[in-house]
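Structural features, examined
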Amino acid sequence: MTFFEIIFTPLQYSFMVRGITAAVLTGIVCAVVGVYVVLRGMAFFGDALAHAILPGVAVGYLVTGGVRETLFWWGTGTAVIVSLAIGAVSRGAKIKEDTAIGVIFAGMFALGIAIISTMRSYTVDLTHFLFGDVLGVSGNQLITIAAFSGVILLLVIGFYKEFLVLTFDPTLAATLRIPTRIFEYLQLVLIALTIAVSFQAVGVALMVAMLVTPAAAAYLLTKRLPVMMILGAMIASASGVIGLYLSYYVNVASGPAIVLTTTLFFVLAWSYKTIQRRLKRRGSFA
Amino acid sequence: MKNLIDSFRRQSFSRRYAPHQPDAPLLVLEQVSVRYETGTVLKNISFDISSGEGIALVGPNGAGKTTLFEVIAGIQEPAEGVVKVSGYEPGGHTCIAYVPQRSQVDWSFPATVDDVVMMGRINKMGPFLWPQSDDWDVVRRSIEFVGLSDLSQRQISELSGGEQQRMFIARALAQEAELMLLDEPLNGLDVPAQESILTILETLQDREVTFIISMHDLRLAAEQFQRVMLLNKRLLGFGSPEEVFTRDLLLQAYQGHLHFVEGEFDTLAVGDSCCEGDHDDLF
């Protein structure tokens, strides 16, 4: 098989083309929003929020009688409500934030599985919800994913400087009279929307990898925030493409294939950084 | 055309700030008290400061120095009392800069010196607008003022402690602050780094910038500043070092955690031993 055949054979199938487009789009959005998740130490929040949308999706699945197309809206609604709820609970109560997240996360996840377990096609659907089914993305779903990815990216670019200051130095944001609370909630909503957009591609269980891993790999390689976003988006979309080819040729499930590829990128970035630091240290002693 | 649209957006959308009353003192506090759940942090603080003054704020840990700064900056509401900056409440002012302690910042954040100093200007740009050439101009001049021009492209973790502190002063300058609140900027710095910061502060005073600097080293405060403020929840003294650093007032403030030596004044306490951190080298 020639190189061209390896590249183009899978593209004969329209589901592969749609899948690759969806994987690239969600990869870009996850990495860009994931930059804030990484810098603010919100990985656990992201993981929890992803799991917590499961009951919403399950109810939507039940109500519509198994129509996949509307699941996005159910997921989005649940994600936004849960993210704001976690924001409010951790602000008001005596409980530590990670405990509050843990409680809500496990409860919602259990509820989701309980609802799905009442369905006849329990295992198949649960697998798709947990680990994604990017090759099952329909044309309409792709349009929704693209539209929402656009909205998320516009918000990130439009409020770039506000989010930057809020992340680096909240006190400065307050003295500059930036409405910090509004932007904090907006950041939570952005993470929620990102999760809803990526649900179809990687599922709830692996979502945190898409939010954190490409951004973390990029973090190791750069000293500026915009570069971290662009580099993260490149790593994530490359992982989407490579992962789907792997899934086509090696016959691995698509979600895990994508996540494993980003993990490989992270390991490479980390090794590069570690070797570079060792060499520098040795150089300074010489 | 683009410039026209930009200037229109800047004028019509930039947030409105509190105006300044021309003859009001720069800063007035009247009977200000702050309480947290754990107890009273500040009690009945009253003083006023006029433009161009440089004041050292001293007091033991937990004396409420940072809280006092937060109240002045308008990011903490006092339980009682009034704060006025140029005649108006601080909430609308953006001419106040809080220069944080270095320990409050994530130094591995992916940003260069340029990026951090530019943060001081973000509310001068309109919403959705990116820095323009005049913003970059202000940033460049601010960085030059603190002597970091050669390091402006460095990632912030590559700076020394003194350079990091100077970068924050540059950010306050870029913010066009008239009142700077510097939270223990000399902590953990060696003597040359401390001196370079004190020199910068002197030059600031020439530019009519007012500042309050909190510090632990009483001797340095007495040597460098004409006016000092002694705080331990209450304002125990505010005036010249001779008036404020008396044995009596210092004992009230530090309650025995003090080293006294014979000095210029009757007895001079040189430092409090109850503060944490690695600044034993200062005493």
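Rules used in this analysis
Residues numbered from 1 in each chain as written. Chains lettered and ligands numbered in written order. Predicted model: local features only at pLDDT ≥ 70, side-chain atom pairs only at ≥ 80, totals over all residues. Buried ≥ 20, exposed ≤ 12 C-beta atoms within 10 Å, placed from the backbone. Helix = DSSP H or I, 4+ residues; strand = E, 2+ residues; numbered from the N terminus. Pairing = 2+ DSSP bridges. Axes fitted to C-alpha atoms, helices over the stretch in contact; angles between N-to-C directions. Contact = placed C-beta atoms within 7 Å. Domains from an automatic or database assignment. Nonpolar A, V, L, I, M, F, W, Y, C, P; charged D, E, K, R; others polar.

1. Examining the pairing of strand β5 (residues 96-99) of chain B
Residues in a regular strand project their side chains so that they alternate between the two faces of the sheet. All names here are of chain B. Burial along β5 is two-sided: I96 and Y98 and A97 and V99, pointing in opposite directions, are all buried. By the bridge criterion, 4 bridges tie β5 to strand β6 (residues 179-182) in an arrangement that is parallel. Its bridge partner being in β6, V99 is matched across the sheet by L182.

2. Observations regarding the sheet that holds β6 of chain B
All names here are of chain B. Strand order in the open sheet formed by 6 strands is β5-β6-β7-β3-β8-β9, with mixed pairing between adjacent strands. Bordering the open sheet on either side are β5 and β9 (234-239), each of which pairs with just one other strand. Sheet twist, expressed as the average angle between the axes of neighbouring strands with direction ignored, equals 15 degrees. Helix α2 (residues 65-73) rests against β3 (54-58), β5, β6, β7 (210-215) and β8 (227-232) of the sheet, and its axis sits at about 155 degrees to β5.

3. Overview of the pairing of strand β1 (residues 27-36) of chain B
Where β1 of chain B and strand β2 (residues 39-49) of chain B come together, 7 bridges link them in antiparallel fashion. What sits directly across from V28 of chain B, in β2 of chain B, is D48 of chain B.

4. Notes on the environment of G46 of chain A
Residue and element names in this part refer to chain A. Tracing the backbone through its elements, the reader meets G46 in helix α3 (residues 43-52). Along the chain, G46 and I195 lie 149 residues apart, while their C-alpha atoms are 8.1 Å from each other. Residues within four places of G46 in sequence aside, it is in contact with V37, I191, V208, L211 and V212.

5. Digging into the domain arrangement of chain B
Residues and elements named next belong to chain B. Entries for chain B in the domain assignment read domain 1 (24-95 + 179-283) and domain 2 (105-177). Residue-level contacts link 12 residues of domain 1 with 11 residues of domain 2. Broken down by secondary-structure element, the contributors of at least two residues to the side of domain 1 that touches domain 2 are β6 and α6 (191-206). Sort the elements by how many residues they give to the side of domain 1 that touches domain 2 and α6 lands first, with 4 residues. Residues that form the side of domain 1 that touches domain 2 fall into these classes: 9 nonpolar, 3 polar and no charged.

6. Quick notes on the interface of chain A and chain B
Taken together, the contact pairs 20 residues of chain A with 19 residues of chain B. At the level of secondary structure, the elements contributing two or more residues to the side of chain A that touches chain B comprise α9 (160-168), α10 (170-175) and α13 (225-250) of chain A. Grouping the constituent residues of the side of chain A that touches chain B by class yields 11 nonpolar, 4 polar and 5 charged.

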